[in-house]
Amino acid sequence: MNNLDELIATIKQTDTYKRYGKVLRVVGLMIESQGPIANIGEVCYIHSSNNRRPPILSEVVGFHNEKIVLMPYAEVSEIGPGCLVESTGKPLSVKIGPSLIGQVVDSLGNRLDELPLPKGLANYLTEQSPPNPMQRPPINEPIQVGVKAIDTLLTVGKGQRIGIFAGSGVGKSTLMGMIARNSSADINVIALIGERGREVREFIEKDLGEEGLKRSIVVVATSDQPALMRMKGAYTATAISEYFRDLGYQVNLMMDSVTRVAIAQREIGLATGEPPTTKGYTPSVFAVLPKLLERTGTNQHGTITAFYTVLVDGDDMNEPIADTVRGILDGHFVMDRSLAERGQFPAINVLKSISRVMNQIIDDEHKQTVQQIRSLMATYEQNRELINIGAYKRGSDQEIDRAIAYYPKIQTFLKQDVFEYKTLDESIEMMKDLLNGGMN
Ligand SMILES: Nc1ncnc2c1ncn2[C@@H]1O[C@H](COP(=O)(O)OP(=O)(O)OP(=O)(O)O)[C@@H](O)[C@H]1O
Ligand SMILES: [Mg+2]
């Protein structure tokens, strides 16, 4: 009986007619069509003129008088005037489930190796609202990241959102691989947006490795893909993280890079006729970023601890994307080229970095130790030039003498080989020992 009711309900909800429109013109990335009746964000199929190719998936991105403006998810070919546009009546959804763990998928949730998806996955909309701020539990517990410099001096909380600011080639991918392998999260969701194809394979095989992939889902949208696909990669990865957060998981989301997401949104904006107002970025970029980044963090079921990389050219931290992202997130880690050049890896500049929830989640002894180490490092940095040219005479200032004595020990402690693994507690113990005369 129950079954029958369900069937009747399904029939009632099913669209009994299909809504079609016709392609009028194609301008650059945009396809204009007369009908169907569809809302912004809805997915439509565009059928090729001779039906030889599978229909092209596209999304309604705007209106123009009575016409709708579509943007395709794939390269467009074999489309001409009069091609049929069929509305699905729904925004984009992807298939998600626990059996997706260990897979590499594209922005639409299909496997990159083109094999069929595992069975038993659920449909999940890629665009969701952020959790209600009043229902967000506060961050009150540290999460093990498995990188000594971070666990000790920049402790991250479960559900914290961090920006990793770095130029090219300073060790972002290596750092993300380390976090994915070493962290205490239940699952990693890794979004690779706008990377070159070669880098994707390198990351999965070298940085993440088999061990890392086993507890990860990787979402890939390479630089050669249409802007909408690159943008959707960020949504899909966030949606996958949300799905697991709702199941009560502690999720790690790593997005490399949010700058390329912003660039994709700019391309979409410019194509739909937005003006480039802030250093070439369109207004929608600054509307989309907070909405996307607010989706992660804690909710009443679980947590998404998120790491978003931001590309900074020549350490220009005031570039508009860097500035916006820094304002939204609960902390930023700066990776410094000068450290990488000195072979100081991971090249995190601790003094320029901050974890804004750290003080709420660590004990007093940890706090005091961190303060002492930071002040030793700061004293050394302030006097680095004098010390380096030999202008500083030992004995003239007790503080500087102490900073010089501790400097090599602190640097050695902060260095970490790619495959070196330390738990959160081990790292904290090591840091405390460092001040107590250990680690000689
Ligand atoms: N922890 C580490 N220990 C030793 N070497 C490291 C470490 N992290 C990074 N490196 C070195 O830095 C190089 C660049 O690292 P990586 O590819 O991770 O940088 P990236 O910022 O992702 O670069 P790109 O901008 O090209 O994507 C690596 O090839 C490696 O030699
Ligand atoms: Mg990289």
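These numbers were taken from a predicted model, which means no experiment stands behind them.

### Quick look at the nonpolar core
Then, in step 1: Of all hydrophobic cores here, the largest spans 62 residues; its most connected members are I150 and V218.
Then, in step 2: Considering every element that reaches this core, the biggest residue donor is helix 13 (residues 398-414), with eight residues.
Then, in step 3: If we ignore the near neighbours within four places in the chain, the residues touching I150 are V145, T155, V156, L175, F333 and I348.
Then, in step 4: Counting 59 residues, the second largest nonpolar core, distinct from the first, contains I187, I240, A322 and V325.

### So, a nonpolar patch on the surface
Then, in step 1: A surface patch of nonpolar side chains, amounting to about 270 Å² of accessible area, comprises L4, L7 and I8.
Then, in step 2: Note that L4 resides in helix 1 (residues 2-13).
Then, in step 3: Overall, the relative accessible area of 46% leaves L4 in the partly exposed class.

### What about the sheet that holds strand 6 (residues 84-91)?
Then, in step 1: On the basis of which strands lie adjacent, the closed barrel formed by six strands has the order 1-2-5-4-3-6 and antiparallel pairing. The average undirected angle you get between the axes of adjacent strands in this sheet is 45 degrees.
Then, in step 2: In terms of strand pairing, strand 3 (residues 42-46) meets strand 6 through four bridges, oriented antiparallel. Bridging across to strand 6, C44 finds its partner in S87.

### Section: the site of ligand 1
Then, in step 1: Around ligand 1, the surrounding shell consists of S168, G169, V170, G171, K172, S173, T174, E199, F345, Q416 and V418.
Then, in step 2: Between G171 and ligand 1, the recorded distance is 3.0 Å, taken from a backbone N or O atom to an oxygen atom.
Then, in step 3: Contact with the protein chains hides 68% of the accessible area of ligand 1, taken as 630 Å² for the molecule alone.
Then, in step 4: No other element matches the three residues that helix 3 (residues 172-182) contributes to the shell around ligand 1.
Then, in step 5: Classifying every residue of the shell around ligand 1 by side-chain character gives three nonpolar, six polar and two charged.

### Quick word on a negative patch on the surface
Then, in step 1: A contiguous patch of negative charge on the surface is contributed by D425, E426, E429 and D433.
Then, in step 2: For E426, the location among the structural elements is in helix 14 (residues 424-435).
Then, in step 3: E426 gets classed as partly exposed once you look at its relative accessible area, which sits at 39%.

### With respect to the pattern of salt bridges
Then, in step 1: On inspection of all chains with the given rule, the structure shows 22 salt bridges.
Then, in step 2: We note a salt bridge from E202 to R198, for which the minimum N-O separation is 3.0 Å. Here E202 pairs with R198, and both are found in helix 4 (residues 197-214), just four residues apart, close to one helical turn.
Then, in step 3: When the shortest N-O distance is used, the salt bridge between E211 and K214 registers 3.2 Å. Taken together, the residues E211 and K214, both in helix 4 and three residues apart, mark about one turn of the helix.

### Considerations on the side chain of E242
Then, in step 1: The residue E242 is located in helix 5 (residues 227-246) in this model.
Then, in step 2: Taking relative accessible area as the criterion, E242 reaches 3% and is therefore assigned buried.
Then, in step 3: Apart from the residues lying within four places of it in its own chain, the contact partners of E242 are Y124, Q128, R295 and I304.

### Side note on the packing of aromatic side chains
Then, in step 1: Taken as a whole and judged by the stated rule, the model has five aromatic pairs.
Then, in step 2: Ring geometry for Y124 against Y243: centres 5.9 Å apart, planes inclined by 90 degrees, an arrangement best described as edge-to-face. With a gap of 119 residues between them, Y124 in strand 9 (residues 122-125) and Y243 in helix 5 connect regions that are remote in the sequence.
Then, in step 3: Measuring from centroid to centroid gives 3.6 Å for Y380 and Y407, while their planes differ by 5 degrees, and the two rings are stacked. Separated by 27 residues along the polypeptide, Y380 in helix 11 (residues 364-382) and Y407 in helix 13 bring together distant segments of the chain. Neither Y380 nor Y407 differs from the other in exposure class; each is buried.

### Notes on the pairing of strand 6
Then, in step 1: In the sheet, strand 1 (residues 20-27) pairs with strand 6 via three bridges, with the strands oriented antiparallel. Bridging across to strand 6, G21 finds its partner in V85.

### Things to note about the pairing of strand 1
Then, in step 1: Alignment of strand 1 against strand 2 (residues 30-34), held across five bridges, turns out to be antiparallel. Counted as the bridge partner of V27 is M30 from strand 2.
Then, in step 2: Between strand 1 and strand 2, which pair antiparallel in sequence order, lie two residues; one of them, G28, sits at a positive phi of approximately 55 degrees.

### Looking at the packing of helix 3 against helix 4
Then, in step 1: Their axes nearest at 9 Å, the elements helix 3 and helix 4 cross at an angle of 5 degrees. Taken together, helix 3 and helix 4 sit at an angle that is classed as roughly parallel. Together, S173, T174, M176, G177, A180 and R181 of helix 3 and F203, D207, L208 and G212 of helix 4 make up the contact between the two elements.
Then, in step 2: Classifying every residue of the contact of helix 3 with helix 4 gives four nonpolar, four polar and two charged.

Quick notes on the rules
Residues numbered from 1 in each chain as written. Chains lettered and ligands numbered in written order. Predicted model: local features only at pLDDT ≥ 70, side-chain atom pairs only at ≥ 80, totals over all residues. Heavy atoms only, no water. Core = buried A, V, L, I, M, F, W, Y, C linked by side-chain atoms within 4.5 Å. Buried < 20%, exposed > 50% of the residue type's maximum accessible area, 1.4 Å probe, protein only. Helix = DSSP H or I, 4+ residues; strand = E, 2+ residues; numbered from the N terminus. Contact = heavy atoms within 4.5 Å. Patch = residues over 30% accessible without salt bridge, like charges linked within 9 Å, V, L, I, M, F, W, Y side chains within 5 Å. Areas by Shrake-Rupley, 256 points an atom, 1.4 Å probe, with all protein chains shown as cover. Salt bridge = Lys/Arg side-chain N within 4 Å of Asp/Glu carboxyl O. Pairing = 2+ DSSP bridges. Axes fitted to C-alpha atoms, helices over the stretch in contact; angles between N-to-C directions. Near = heavy atom within 4 Å. Polar contact = N/O pair within 3.5 Å; in protein donor to acceptor, adjacent residues only side chain to side chain. Nonpolar A, V, L, I, M, F, W, Y, C, P; charged D, E, K, R; others polar. Lys, Arg positive; Asp, Glu negative; His and termini not counted. Charge placed at Lys NZ, Arg CZ, Asp CG, Glu CD. Phe/Tyr/Trp six-rings, centres within 6.5 Å; stacked < 30°, edge-to-face > 60°. Parallel < 35°, antiparallel > 145°, perpendicular 65-115°, else oblique.

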